[in-house]
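# Report on the structure
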Amino acid sequence: MSTSSLDSLSAAPRTTATAGTAGKVIAKRAAGSLFVLWAAVTLTFFVLRLTPGDPITAILGGAGSSPSPETVAAVRAEYGLDQPVLVQYLSYLGNLLTGDFGVSYIFKVPVLEIIGPQILPTLQLAGLALVFAWVIALAFTLLTVGRGRVLDGAGRAVEVFFASLPQFWVGIMLAVVFAVTLGWFPVAGNDGFRSLVLPALSLAVPLAGFIAQVTRSSFEDALAQPFVLSARARGLSDTAVRITHALRHAILPGLTLSAWAVGSLVSSAVVAEVIFARPGLGRSLVDAIVNRDLPITLAVVFLIAAVYILVNLVVDVLYRVVDPRTNPKGSAA
Amino acid sequence: MSLTLDPTTTAEGGSAAPSSPAPAPSRAGRLVRNTPIGVWIAAALLAFLVLAAIAPSVFLRQDPFEIDPANAFQSPDGLHLFGTDQNGRDVFSRVIAGTGQSLLLGLAATAIGLILGCALGITAGVSGRWLDSAICRFVEILFAFPGLLLALIVIAVSGTGVVTAAIAVGVGSAPGYARMLRTQTLQVVAAPYVETALALGRSTSHILWHTIVPNVARPLFVLVTLGIGQAIVWASSLSFLGLGAQPPAAEWGAMLADGRNYLQVAWWIAAFPGIFITLAALTTTVVGHHLQRRLEAEV
C-alpha cells in the first residue's frame, strides 16, 4: 500500500517541464508547493467553519455560562466574528503572512504563545523516530536480504509484523518493559535525551517495518545488478559489496518514503506524546479539538501541513540532484 | 518481483503418486498447495476474530460489563485468562466483546473511504483532461494532511464518537484509494477490450458499467483486505485518544486508554486489547498480500 502511493507521489505533480534548467524546475515545484499549502489552509479554514455551534460559546466558557448580550457582542467584535466569513478569511490569510495565527478561544492569548514552545519537542521526537526507524530498517536489510531462504523469510515476516503494530500499543509495551519494570528510561516527561528514547522508538518500530519493506526490494534488485558482480569479481568482500555498492542504490527509494514518513510522524506524534505525557503539537491539536479551540486547531494543521509540504519539496529537489535521471521530460503521464 | 517460484507446484509431489498419472489438480487442491502455512495461520486467526465479532457468546465466559471490585487487578490465571481490570471486569471477555465493534469500525471506515475514493478516482480516470486534473489537484491537496491529520480535522468539525470516528478514518483513507483507483482506471481504459467495446459501438454508460467498473472492482477486493487492517489501527488510535468510542464501551482502543492509567500495577489491562488490534491488522495484511500476489500471478 505504501509503495503504490509512493510511486504516485512522484508522478502526481503534472509538471509539463520539457526543457529548462534545473533551477526553473525547482522554482516551478516550489510554486506548486506554495499553491498546495494555500489551498490546504483555505480548505481547513472553511471546513472548520462548518463546525456546529457558535464559537462564542467556546470563547465564553462553554454552554453552561450565560453571558449578557452586550458581552457577546463585544467579544464577537473583538475576535472579528461579526465580519462576513470572506472578510475573516482574507484577514486570517493576511495575518498568517506576518506570522500571526490569531488569538486562542480558550487561553485568550496569541496562538503562537501556546503552540510555539510545542514545535521543537515534536520535531525532536519525529526526527529521532526517523533516525531510529532507518537504523532498524537498514540493520534488517543488511543482515537478512540474500542470506538464504530462512533468514530472508524471517526478515520479511518481522517487517510485516512491525508494520502492523499500532504505535500506541508499542509505546505502552515499551513503557511497561523499559520504564516500569527495568527502570532504564523515565515513564513520562520531557527531560533530555533519555526521556525521548521510548516515545521515539514507539513511533519508529512500525515505520521501520514500512521502510524495510521498501529497502528490501530495492536492495534485492541492486544485488542482482552487474556492478555487484563486477565488484565481487574484483575481490571485494560480501560486506563491502553490500555497504559500499548495493546500499547506495537501495536507499534512494527510501528517501521519498522518508518525506512521507516525516509528515505522518509529526501528525502521529500525538500518540507518543499522550502516552509519555510529553508536550507537543499533536497533543495541543487533540486538546484544541476537544475544547473546540478553532484558532489553535487551524494553526497546528497549518504547521503540520507546512512541514510535510516543505520536506517533500526538499526531498524532491535532493532527488533531482542525487539522481539526474529523474530530471528530464516525462513526469507528465 | 512477485515471481513466486513455489516448489510445491513444480516438484509434482514426493508423496505416493495418485492413481491417475497427471490429473489437472482440482481448484481446491491447487488452493491448498499454493498457500503458504503462514497465510493459513493468519486466515485461521482472522476466522476466529470474525467468529468472535459475530457470535461473541461462543467465547464469553463472564459478563464483560459486570463490576466486581473485590476481584480488581487479578493477574492472568485459569479463571481470568487475561486477568481483570480496575473494576474487576474480566479482560478476556471485554476483549472478545470488543471484537465486534472494533472490526465493524474498521470495516465501516474502509467502506466510506472506498466509496469516496471510487467517486473521485474512477471519475478522474474516465473523464477528460479538465476534470481529471481538477480531481488530481484536489486529491493532491488532501495529501497535504498526512497520516491522522485529515481524520482529526473531520473530528474537529463533527465532534467525537464512534460514528464520526468511522467517517473520519474513512475520509482520511479516501485520498489514497482515489489515487490508486485512478491509476487502475487509466490502465483499464487503455486496455484493448475497451477499444473493442468502443469499436462495437457500445454506449459510454454501457462500457463504464459493464467493462470498466468490473475490471477495476477485482483488485478492489484486495485493497479492501489490506485497508481494513490500517483502518482498525487508525480507528482504535482515535478511541485511544478519547476521540472515538468512549471508555465504558468495550472497544480495543478505549480499553487500552483505560489500561494506560494502571501500567504500574497491571500491565495486562492494556496489553491484551493491543495484542488483538495487532492481530486484526496483521492477519488482514497477510491475507491481503497473499490475495494480491495471487491476483498478480493470474494477470
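The rules we used
- Residues numbered from 1 in each chain as written.
- Chains lettered and ligands numbered in written order.
- Predicted model: local features only at pLDDT ≥ 70, side-chain atom pairs only at ≥ 80, totals over all residues.
- Heavy atoms only, no water.
- Helix = DSSP H or I, 4+ residues; strand = E, 2+ residues; numbered from the N terminus.
- Contact = heavy atoms within 4.5 Å.
- Areas by Shrake-Rupley, 256 points an atom, 1.4 Å probe, with all protein chains shown as cover.
- Buried < 20%, exposed > 50% of the residue type's maximum accessible area, 1.4 Å probe, protein only.
- Expected span 1.5 Å × (residues − 1).
- Bend = angle between axes of the 7 residues up to and from the residue.
- UniProt positions renumbered as here; feature names shortened; annotations may be inferred.
- Salt bridge = Lys/Arg side-chain N within 4 Å of Asp/Glu carboxyl O.
- Core = buried A, V, L, I, M, F, W, Y, C linked by side-chain atoms within 4.5 Å.
- Domains from an automatic or database assignment.
- Patch = residues over 30% accessible without salt bridge, like charges linked within 9 Å, V, L, I, M, F, W, Y side chains within 5 Å.
- Nonpolar A, V, L, I, M, F, W, Y, C, P; charged D, E, K, R; others polar.

## Overview of the overall build of chain A
- Secondary structure summary: chain A contains 13 helices and 0 strands in total.
- Restricting the contact set of chain A to residue pairs at least 6 apart, pairs at least 24 apart contribute 75%.
- When the accessible surface of chain A is summed, it comes to about 15300 Å², and 68% of that surface belongs to carbon and sulfur atoms.

## With respect to the overall build of chain B
- Of the regular secondary structure elements, chain B holds 11 helices and 0 strands.
- Beginning at the N terminus, the succession of helices and strands in chain B can be written as α-α-α-α-α-α-α-α-α-α-α.
- When burial is assessed residue by residue, chain B has 47% of its 299 residues classed as buried.
- Taking the intrachain contacts of chain B between residues at least 6 apart in sequence as the baseline, contacts between residues at least 24 apart amount to 68%.
- Taken as a whole, chain B presents about 14100 Å² of accessible surface, with 67% of it coming from carbon and sulfur.

## Overview of helix α8 (residues 167-181) of chain A
Residue and element names in this part refer to chain A.
- For α8, which comprises 15 residues, the first-to-last C-alpha distance of 20 Å matches the rise-based estimate of 21 Å (1.5 Å per residue) to within 8%.
- Largest kink in α8: about 30°, centred on Ala175.
- Burial within α8 is extensive, with 11 of its 15 residues counted as buried.
- Looking only at α8, the buried set comprises Gln167, Phe168, Trp169, Val170, Gly171, Ile172, Met173, Leu174, Ala175, Val176 and Ala179.

## Examining the UniProt feature "transmembrane region" (unreviewed entry) in chain B
All names here are of chain B.
- UniProt's feature table lists "transmembrane region" (unreviewed entry) at residues 37-60, 103-123, 143-172, 220-245 and 265-287, given in the numbering used throughout.
- The straight-line gap between the two end C-alpha atoms of residues 37-60 is 29 Å; of that span, 75% is helix and 0% is strand.
- Secondary structure across residues 265-287 comprises 87% helix and 0% strand; the distance between its end C-alpha atoms is 37 Å.

## Topic: the pattern of salt bridges
- By the definition in use, this model includes 7 salt bridges over all chains.
- Where A:Asp152 meets A:Arg156, a salt bridge forms, and the shortest distance between an N and an O atom there is 3.7 Å. Of this pair, A:Asp152 and A:Arg156 both sit in helix α7 (residues 149-164), 4 residues apart, which is roughly one turn of that helix.
- B:Asp258 serves as the salt-bridge partner of B:Arg89, at 3.9 Å between the closest nitrogen and oxygen. Here B:Arg89, found in the loop between α3 (37-54) and α4 (91-126), pairs with B:Asp258, found in helix α10 (residues 252-260); they are 169 residues apart in sequence, far enough to count as distant. The burial state of B:Arg89 is the same as that of B:Asp258; both residues are buried.
- One continuous salt-bridge network, built from bridges that share partners, spans A:Asp152, A:Arg156, A:Glu159 and A:Arg216.

## Topic: the nonpolar core
- Of all hydrophobic cores here, the largest spans 147 residues; its most connected members are A:Ile172, B:Leu238 and B:Phe240.
- Examining the composition of this core, we find that 15 residues originate from one element, helix α9 (residues 194-223) of chain A, more than from any other.
- Residue contributions to this core reach at least three from each of two domains, namely domain 1 (3-97) and domain 2 (114-328) of chain A.
- Counting residues in hydrophobic clusters, the runner-up holds 13 residues, among them B:Met180, B:Val194, B:Ile207 and B:Leu223.

## Here's the deal with the environment of A:Tyr308
- Tracing the backbone shows A:Tyr308 in helix α13 (residues 294-322).
- Considered as a pair, A:Tyr308 and A:Val262 are 46 residues apart in the sequence and their alpha carbons are 6.7 Å apart.

## Side note on a nonpolar patch on the surface
Residue and element names in this part refer to chain A.
- Among the surface-exposed residues, Phe46, Val85, Leu86 and Leu90 lie close enough to one another that they form a single nonpolar patch of about 360 Å² accessible area.
- Counting residues per element, the nonpolar patch draws most heavily on helix α5 (residues 85-97), which supplies 3 residues.
- Position of Phe46 relative to the elements: it lies in helix α2 (residues 22-49).
- Taking relative accessible area as the criterion, Phe46 reaches 32% and is therefore assigned partly exposed.

## Quick word on the interface of chain A and chain B
- Listed per partner, the contact involves 51 residues of chain A and 47 residues of chain B.
- In this assembly, chain A and chain B are joined by 0 salt bridges.
- Elements with a minimum of two residues in the side of chain A that touches chain B: α1 (2-11), α2, α7, α8, α9, α11 (238-275), α12 (281-291) and α13 of chain A.
- Looking at the side of chain A that touches chain B element by element, the count peaks at 8 residues for α2(A).
- Taken together, the residues of the side of chain A that touches chain B sort by class into 38 nonpolar, 11 polar and 2 charged.

## Concerning the UniProt feature "transmembrane region" (unreviewed entry) in chain A
Residues and elements named next belong to chain A.
- Mapped onto this numbering, the UniProt entry gives "transmembrane region" (unreviewed entry) at residues 30-48, 125-145, 157-184, 196-215, 250-276 and 296-319.
- Summarising residues 125-145: 95% helix, 0% strand, and an end-to-end C-alpha distance of 29 Å.
- Annotation note: span residues 296-319, helix share 100%, strand share 0%, distance between end C-alpha atoms 34 Å.

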